[in-house]
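Here is what each chain is made of, one letter per residue.
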Amino acid sequence: MMENAELVNNPDVSFYNSGSRKGILSWLLSTDHKRIGIMYLVAMIIFFLTGMTLGFLMRLEMLPGARSLMGAQTYNELFTLHGVIMIFLFIIPGIPAVFGNFFLPIMIGAKDVSFPRLNLMSWYLYIAGGLIVILSLLTAGGPADTGWTFYVPYSIRTQSNVSLAVFGAFVLGFASILTGLNFITTIHRLRAPGMKWFKMPLFAWGLYSTAWIQLLATPVIGITLLLIILERFFGVGVFDPALGGDPLLYQHLFWIYSHPAVYIMILPAMGLVSEIIPTFAKKNIFGYVPIAISSLAIAFIGYLVWGHHMFSSGISDTSRVIFSLLTFLVAVPSGVKVFNWVATLYKGSIDLRAPLLFVLSFIVIFSIGGLTGLVLGSLNTDIHLTDTYFVVAHFHYVMFGGMGLLFFGGLHYWFPKMFGKMYNERIAKTACILFVIGFNSLYFPMFIMGYLGMPRRYYDYLPQFKPYHIISTVGSWILILGILIMIFNLVKALRGKEKASMNPWGGTTLEWTVSSPPPLENFDQIPVITKGPYERE
Amino acid sequence: MSNESEIIVTQNSEMHIHRDDEASKIGMWLFLFTELLLFGGMFILYAAYRFMFSDAFSIASIRLDRIIGSVNTIILLTSSLTVVLSITALKRNQKKFAIFLLLFTMICGLLFLVNKYFEWSAKIQHGIYPKGPEMANLPDGEVMFYGLYYVMTGLHGLHVLVGLIFFTFILIFVLKNKITSENIQKFENSGLYWHLVDIIWIFLFPLFYLIHAY
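About the thresholds
Residues numbered from 1 in each chain as written. Chains lettered and ligands numbered in written order. Predicted model: local features only at pLDDT ≥ 70, side-chain atom pairs only at ≥ 80, totals over all residues. Helix = DSSP H or I, 4+ residues; strand = E, 2+ residues; numbered from the N terminus. Buried ≥ 20, exposed ≤ 12 C-beta atoms within 10 Å, placed from the backbone. Axes fitted to C-alpha atoms, helices over the stretch in contact; angles between N-to-C directions. Parallel < 35°, antiparallel > 145°, perpendicular 65-115°, else oblique. Left-handed = near helix turned anticlockwise from the far one by under 90°. Contact = placed C-beta atoms within 7 Å. Nonpolar A, V, L, I, M, F, W, Y, C, P; charged D, E, K, R; others polar. Core = buried A, V, L, I, M, F, W, Y, C linked by C-beta atoms within 7 Å. Expected span 1.5 Å × (residues − 1).

Visitor: Please explain unusual backbone geometry as it appears in this structure.
Guide: Outside of glycine, negative phi angles account for most residues, and trans bonds account for most peptide bonds. With omega at 0°, the peptide bond leading from V152 of chain A into P153 of chain A counts as cis. Here S516 of chain A and P517 of chain A are connected by a cis peptide whose omega angle stands at -15°. Phi is positive for K347 of chain A, which is not a glycine, with a value near 60°. By the element assignment, K347 of chain A lies in the loop between α12 (317-345) and α13 (354-377). Residue classification places K347 of chain A among the exposed residues on the basis of 10 C-beta atoms within 10 Å. In the Ramachandran plot, N93 of chain B falls in the positive-phi region, its phi being about 65° despite a non-glycine side chain. Mapped onto the fold, N93 of chain B is located in the loop between α3 (66-91) and α4 (95-125). Given 11 C-beta atoms within a 10 Å radius, N93 of chain B is considered exposed.

Here's what the structure looks like:
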């Protein structure tokens, strides 16, 4: 056993080449957080491409409008699946499951997470949930056509496969809870000696705040989705108005989870920004403590704003005013972050590499998304804009432009560390620029259309919206082209020969002190922390 | 005790972190939070509907069997006591006594489920179940009451069952000396879970059985 131990601790051998199993089993049975992170990455990219294809088809249908490519029912099914796949399988778990798993233990100086086996189980639950969602496509009844929100009473009455899709989301919730539980315990127990709370990298702060939301919000949607299934199978009347139920209660319970889920998506992404900016500005982060605390503040306030999804559902004026006020409050900690990032760049020695390009694009796009969020958060304007393309544009700006863009930014930042290979940076930058151009031409016209009254979730439109839809669809092609070039570039780098050094960007956090890719046990000796994560000599 | 590290070699013969009882305890408490919120969603629904249909709830409550409900409350509370005693006994190395107390706890859990079975089947025989023949004659509020009754006590019963499965494993581990006074965290965690099941019942019992004033 001791011989084995010496063998595995060899810091010159990457984790890819350690372990006794070979082939696929070395992955499927591994409890190593790095391998689990990579397995999430592979699964997630597959699900993302599936969701992207569905989105592409929807945009294609909107080019000519009318019944060209598909009819209303198919379009309903597509936007439901697009939403379910993108939200439950990509955006919510994305950054914590992939980068959190791979990097959290390394960044806090640990050998693994607290519960490695539970971690592997979360991955299996995630895959099971994903497969159940995909299965709902193929079984009798056809794909769910309710939209990803599964609003009652329609979700109880429709003949489509709502139960299966909902059950998939339920299982995914379980995976999310267990990951959150694991991360909180890991951060509490396994920080390296000397790493006080305020010496933790900000990415870990983002994950910590996220994990609490995962833990405290997800069970609520778990029970809500379970109730839908019970209503469908056993006719227990909990939400169905025909049995005296109140559909508004469903909306409350659904958004008690699903609004905080928005912060599950964005907080780790914001943590990533706080990693990338100091690295490429070659400067200590400006306002470490406010950034760390603002993550917790967003998590806390974000828990109390769900009602803003229901301004037009018929809730009382008092609660609308309170929810509107609380919604505005979220903008404060978000603003704190943005200003601190910009202040970090100020007078820095900026090295505009590909990851930083992603981050700068994020700041611009996310600011547009955030400001239009305020438009939706105020009562009067929301009544005008609710259920229009304005909402669609807003959440794509914050979600896809926020988490999505940064997922790829993070991938470019940590790719050398994860795989030990370097990609072609010129192509990466080109892909990023194409992404941003395509993104804005795809979604910006939707703000205008929504303002002019184009409702969401219709497969057809009035002739005056034609020019906007054309720009939007063409934008989707540019965006997809950018994404494909990016993936192609990364896959090519994987197969290429150009090796990455230990610290290609000049980062200061712990992951840059181990070899690329890291050895099995991460650290030869657990490091002792004496200075802040972004301090430079 | 918690400083003692045992090296676990997993299937990959990758070395992993030694046992960390503190982490295991934190993890369990976090899990209990999620359980509370799971039931919390249902308690919110209960509160909202009871506010809407307060009279109907109180009338529907008459039909629930207070005797069985009370007996079950006593059984579950007793079992919560015996599981703590069992853990303490094992900590004092009184293995046989600990096993006796654990078995007693499990029998209590089983009795609870048996009572629950008779209670449910009596209701079902009277046609009181979702889509049942009697339900059509009842006003909305009472239908809602019984719907929530089945869902909430059903989910709770499921938790009792899961607790019993946990205890079965614990029993085997204790018999095989894999859980001892030196290594008792798994047992303590299962005990915590059992208390949670108990606490939820303490809220369910009055909210369903005792809301009618005679």
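Okay, back to it.
Visitor: What is the right way to look at the packing of helix α9 (residues 202-234) of chain A against helix α11 (residues 288-302) of chain A in this model?
Guide: Packed helices, taken two at a time, are described by the angle between their axes plus the distance between the axes. Residues and elements named next belong to chain A. Running from N to C, α9 and α11 point in directions that differ by 15°, and their axes come no closer than 9 Å. Relative to α11, the element α9 is oriented roughly parallel. Where α9 crosses over α11, the handedness of that crossing is right-handed. Contacts between α9 and α11 involve L202, W205, G206, S209, W212 and I213 from the former and I291, A292, S295, L296, I298 and A299 from the latter. Looking at the contact of α9 with α11, its residues break down into nine nonpolar, three polar and no charged.

Visitor: Just to check I follow, could you spell out the nonpolar core for this structure?
Guide: Looking at soluble globular proteins, one finds that nonpolar side chains tend to be buried together. Residue and element names in this part refer to chain A. Membership of the largest hydrophobic core comes to 222 residues, with the highest contact counts inside it found for A204 and V273. Ranked by residue count, the leading element in this core is helix α10 (residues 247-281), at 22 residues. When near neighbours in sequence (up to four residues on either side) are disregarded, V273 contacts W341, V359, F362 and L406.

Visitor: What exactly am I supposed to notice about α3 of chain B here?
Guide: Residues lying three or four places apart along an α-helix face the same way, a consequence of the helix completing one turn every 3.6 residues. All names here are of chain B. With 26 residues, α3 extends 38 Å between its outermost C-alpha atoms, agreeing within 8% with the 38 Å of an ideal straight helix rising 1.5 Å per residue. All of the buried residues in α3 are G69, N72, L76, S79, S80, T82, V83, S86, I87, A89 and L90. Where α3 is buried, its residues touch α4, α5 (140-175) and α6 (185-209). Looking one or two places after α3, you find N93, whose phi comes out positive at around 65°.

Visitor: Whenever I open this one, the interface of chain B and chain A confuses me. Can you help?
Guide: How big an interface is tends to be expressed through the accessible area that disappears when the partners come together. Contact with chain B, which involves 34 residues of that partner, is made by 43 residues of chain A. Elements with a contribution of two residues or more to the side of chain B that touches chain A: β2 (15-16), α1 (21-52) and α5 of chain B. Looking at which element gives the most residues to the side of chain B that touches chain A, the answer is α1 of chain B, with 15 residues.

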